Amino acid sequence: SVLSEIAPPIQVSTQETSLSRPLDALTFDNRFTAELPADPDTSNRRRQVMGACYSRVTPVQTRQPSLVACAREVAQLLDLTEEACASEQFLRVFSGNEVLTAMDPHATCYGGHQFGHWAGQLGDGRAINLGEIVNGRGERWALQLKGAGPTQYSRSADGLAVLRSSVREFLCSEAMHHLGVPTTRALSLVLTGDQVLRDMFYDGNPRQEPGAIVCRVSPSFTRFGSFEIFAARQDWDVQRQLLDYAIRTDFPRLIESGDPDIDTYFQWFDEVCRRTADLIVHWMRVGFVHGVMNTDNLSVLGLTIDYGPYGWLEDYDPGWTPNTTDAEGRRYRFGQQAQVAHWNLAQLARALAPVVEQVEPLQESLLQYSARYNDGYRTMMSNKLGLLPSGGSDEANDGELIKDLQEVLQLRETDMTLFFRALSEVPMDGVASPAEVADSVLLAPFEVAYYQTDPLTADHRDATLSWMRRYAERVCRDVRPDDERRRQMNTVNPIYVLRNYLAQLAIDKSEEGDHSMVEELLDVLRNPYDEQPGKEAFAQKRPEWARHRAGCSMLSCSS
């Protein structure tokens, strides 16, 4: 698919003042392009790019851009004022229609394993990095336009993006940040004014959709696949240059002076393993399913990156995947994300092995990944359940309690987010024994979260009550007030998450020209752990009409 029309470049008036050009004050140092090897071929044609970390490329011009939304917190990271974000220059720059003099637009080269198979060169096929800025606090932020046109890595695609996927990426990037999940950020969402042809279900029925561009923001967009591509080509010199750059720029604490050495490389890989383990624990905590955990979609910084066919676990099902491409194999299902991350880390280790010439330290880091994830998962689940750290027999019993809860939650379709939030409301103050608590009280957290309305079977009721009484006994042993336990639980169990059907409702309105729900969702998701009077509708279970509707259940990679 192609743009319906490429607009002519926007001519910038020489009469503009500094007040009308606020983005000129941004400080770009573009260290990535300054320090790493470039593609010597400057033509924008699809090809295999050898011996280079990036290719320079310019965004396409768009017909009639308009701003849908801007995340004020991200603007503040970049030292941009509200007035700057409302300026014409802001719209021109983040729609791809103006390249600031200090920018150095480029697309990066990387490879990746997709669904377990080596896919060769991939690269930024529809992402164009504008450059890196350093803000007034000395923080480095890379700016990237997703959907700004073709690059040398676009293969047979057009490099564009549509509104539906761009709304999802914009909102989820910010929702994850406010949930406390490490993530790339999103500054702006812009409609291009152009139509883009997409076959949403890959079923031979393409249609024209409104084009859009998201400006993504991150300290770095370096992926596991960034190192794999050079290993596959046995280009060890460039791989080492990229590794040294990543350590100096994004992991400076690993080197006190001089250049990174072999020991630094091992420390770096160990750090990547730790950050990845922590990231997956966070995903599991909030019920997020990435949907396409290819090695090119995992960040070495341990950030959530590339929001494609993701989804939020609603009824608790460890086997669920939101990706239609993954529907049969379910490789990237919710319950297997930790194992997939380990497999991906192993591919990164294989890519590094010829350079470091020792595999034992890499293997040890992979073992430590598993230990860190398992320990982190147990701690996270204990916090979700409001349990204080325990020792002795309680520690083993807590593990069984957590394991058994996962089985109980699957007896019926149980909304994960609503269940954990409601569990904090079970009254335990003054209870000498869980036997004193009525069955109806113990069943309440489940009943408010059930999707089915028919009565529990006797077996399901007995199993659920049995687990709740064990849980109540454990809570009683902590001997602390309900409000203290509730505060602990409510800091890790959100009320508001970006349920797929909510995102789809916002998309539906935006496609009709009404962007108010995008703004409203962005605002609600800023405080996902707090009660927000008047916003209760955003915390409700998925409605029945959304069970199988496109965009509300599973999604394709089409965007």
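Bear in mind the structure is a predicted one, so any value in this text is a computation, not a measurement. (Residues numbered from 1 in each chain as written. Predicted model: local features only at pLDDT ≥ 70, side-chain atom pairs only at ≥ 80, totals over all residues. Heavy atoms only, no water.)

In this model, the chain carries an average pLDDT of 93, and 96% of its residues clear a pLDDT of 70 or more. Per-residue pLDDT stays below 50 along residues 1–14; that stretch engages in 28 contacts with residues further than four places along the chain or on separate chains. (pLDDT = per-residue confidence, 0-100. Contact = heavy atoms within 4.5 Å.)

Summarising the element assignment, Ser87 is placed in the loop between helix H3 (82–85) and helix H4 (88–94). Considering only alpha carbons, one finds Ser87 and Asn490, 403 residues apart in sequence, at a separation of 39 Å. For Ser87, the side chain forms a polar contact with the main-chain nitrogen of Phe90, separated by 3.1 Å. (Helix = DSSP H or I, 4+ residues; strand = E, 2+ residues; numbered from the N terminus. Polar contact = N/O pair within 3.5 Å; in protein donor to acceptor, adjacent residues only side chain to side chain.)

On to the environment of Ala212. Relative to the helices and strands, Ala212 is located in strand S9 (residues 207–218). On the basis of relative accessible area, Ala212 is assigned to the buried category, the value being 0%. Between the C-alpha atoms of Ala212 and Tyr377, which are 165 residues apart in sequence, the distance is 37 Å. Residue contacts for Ala212: discarding those within four places in its chain leaves Lys146, Gly147, Ala161, Val162, Leu163, Ser166, Leu189, Val190, Leu191 and Thr192. (Buried < 20%, exposed > 50% of the residue type's maximum accessible area, 1.4 Å probe, protein only.)

It is worth spelling out the packing of helix H8 (residues 262–286) against helix H10 (residues 360–385) at this point. H10 packs onto H8 with a crossing angle of 25° between their chain directions and a minimal axis gap of 8 Å. Classified by the angle between their axes, H8 and H10 sit roughly parallel to one another. In terms of crossing hand, the pair formed by H8 and H10 is right-handed. For the pair formed by H8 and H10, the contact residues are Phe266, Phe269, Asp270, Cys273, Arg274, Thr276, Ala277, Asp278, Ile280, Val281, Met284 and Arg285 on the first element and Pro361, Leu362, Ser365, Leu366, Tyr369, Arg372, Tyr373, Gly376, Tyr377, Met380 and Lys384 on the second. Its residues assigned to classes, the contact of H8 with H10 comprises 14 nonpolar, three polar and six charged. (Axes fitted to C-alpha atoms, helices over the stretch in contact; angles between N-to-C directions. Parallel < 35°, antiparallel > 145°, perpendicular 65-115°, else oblique. Left-handed = near helix turned anticlockwise from the far one by under 90°. Nonpolar A, V, L, I, M, F, W, Y, C, P; charged D, E, K, R; others polar.)

All right, on to helix H16 (residues 500–511) then. Given a rise of 1.5 Å per residue, 12 residues ought to cover 16 Å, and the 16 Å separating the end C-alpha atoms of H16 matches this to within 8%. Within H16 the residues assigned to the buried category are Asn500, Tyr501, Leu502, Ala503, Gln504, Ala506, Ile507 and Ser510. Check the buried side of H16 and you find it contacts helix H5 (163–179), strand S11 (311–312) and helix H17 (516–524). Gly513 sits one or two residues past H16 and shows a positive phi near 95°. (Expected span 1.5 Å × (residues − 1).)

A separate point is unusual backbone geometry. Its identity as a non-glycine residue notwithstanding, Phe115 has a phi of 55°, on the positive side. By the secondary structure assignment, Phe115 is in the loop between strand S4 (111–114) and strand S5 (117–121). Of note, Gln234 is a non-glycine position whose phi angle comes to about 55°, a positive value. Along the polypeptide, Gln234 turns up in the loop between helix H6 (224–232) and helix H7 (236–250).

Enumeration according to the criterion identifies 49 salt bridges in this entry. Residue Arg63 is joined to Asp194 by a salt bridge in which the shortest nitrogen-to-oxygen separation is 3.6 Å. Taken together, the residues span a long stretch of sequence, with Arg63 in the loop between strand S1 (54–56) and strand S2 (66–70) and Asp194 in strand S8 (residues 185–198) at a distance of 131 residues. By relative accessible area, which is 39% here, Arg63 ends up partly exposed. Residue Asp194 is classed as buried on the basis of its relative accessible area, which comes to 1%. A salt bridge links Arg185 to Glu174; its shortest N-O distance comes to 2.7 Å. Taken together, the positions of Arg185 in strand S8 and Glu174 in helix H5 put the pair 11 residues apart, joining distant regions of the chain. On the basis of relative accessible area, Arg185 is assigned to the buried category, the value being 6%. Put simply, Lys146, Glu169, Arg216, Arg223 and Asp306 are held in one network by salt bridges that share partners. (Salt bridge = Lys/Arg side-chain N within 4 Å of Asp/Glu carboxyl O.)

What follows is about the environment of Glu519. Assignment of secondary structure puts Glu519 in helix H17. Note on Glu519: relative accessible area 35%, which makes it partly exposed. Put simply, Glu519 and Val68 are 451 residues apart on the chain and 8.5 Å apart in space, counted from C-alpha to C-alpha. Those residues in contact with Glu519, other than ones at most four positions away along the chain, are Val68, Ala69 and Cys70.

Along its 20 residues, helix H9 (residues 337–356) runs 28 Å from first to last C-alpha, staying within 8% of the 28 Å computed at 1.5 Å per residue. Of all bends in H9, the biggest is about 25°, found at Arg350, and the proline Pro354 comes one to four residues later. Following H9 by one or two positions, Glu357 has its phi on the positive side, about 60°. (Bend = angle between axes of the 7 residues up to and from the residue.)

Moving on, we come to the nonpolar core. Ranked by size, the top nonpolar core spans 161 residues in total, and within it Leu187 and Trp268 carry the most contacts. Broken down by element, this core gets its largest block of residues, 13 residues, from H8. Among residues more than four places away in sequence, those in contact with Leu187 are Ala69, Cys70, Ala71, Val74, Ala75, Leu78, Leu80, Phe90, Phe94, Phe170, Cys215 and Val217. (Core = buried A, V, L, I, M, F, W, Y, C linked by side-chain atoms within 4.5 Å.)

Attention now goes to the packing of H6 against H9. At a minimum axis separation of 9 Å, H6 and H9 run at an interaxial angle of 40°. The angle between the axes of H6 and H9 places the two elements in the oblique class. When you trace H6 past H9, the crossing you get is left-handed. Taking contact as the criterion, the partners of Phe224, Phe227, Glu228 and Ala231 in H6 are, on H9, Asn344, Leu345, Gln347, Leu348 and Ala351.

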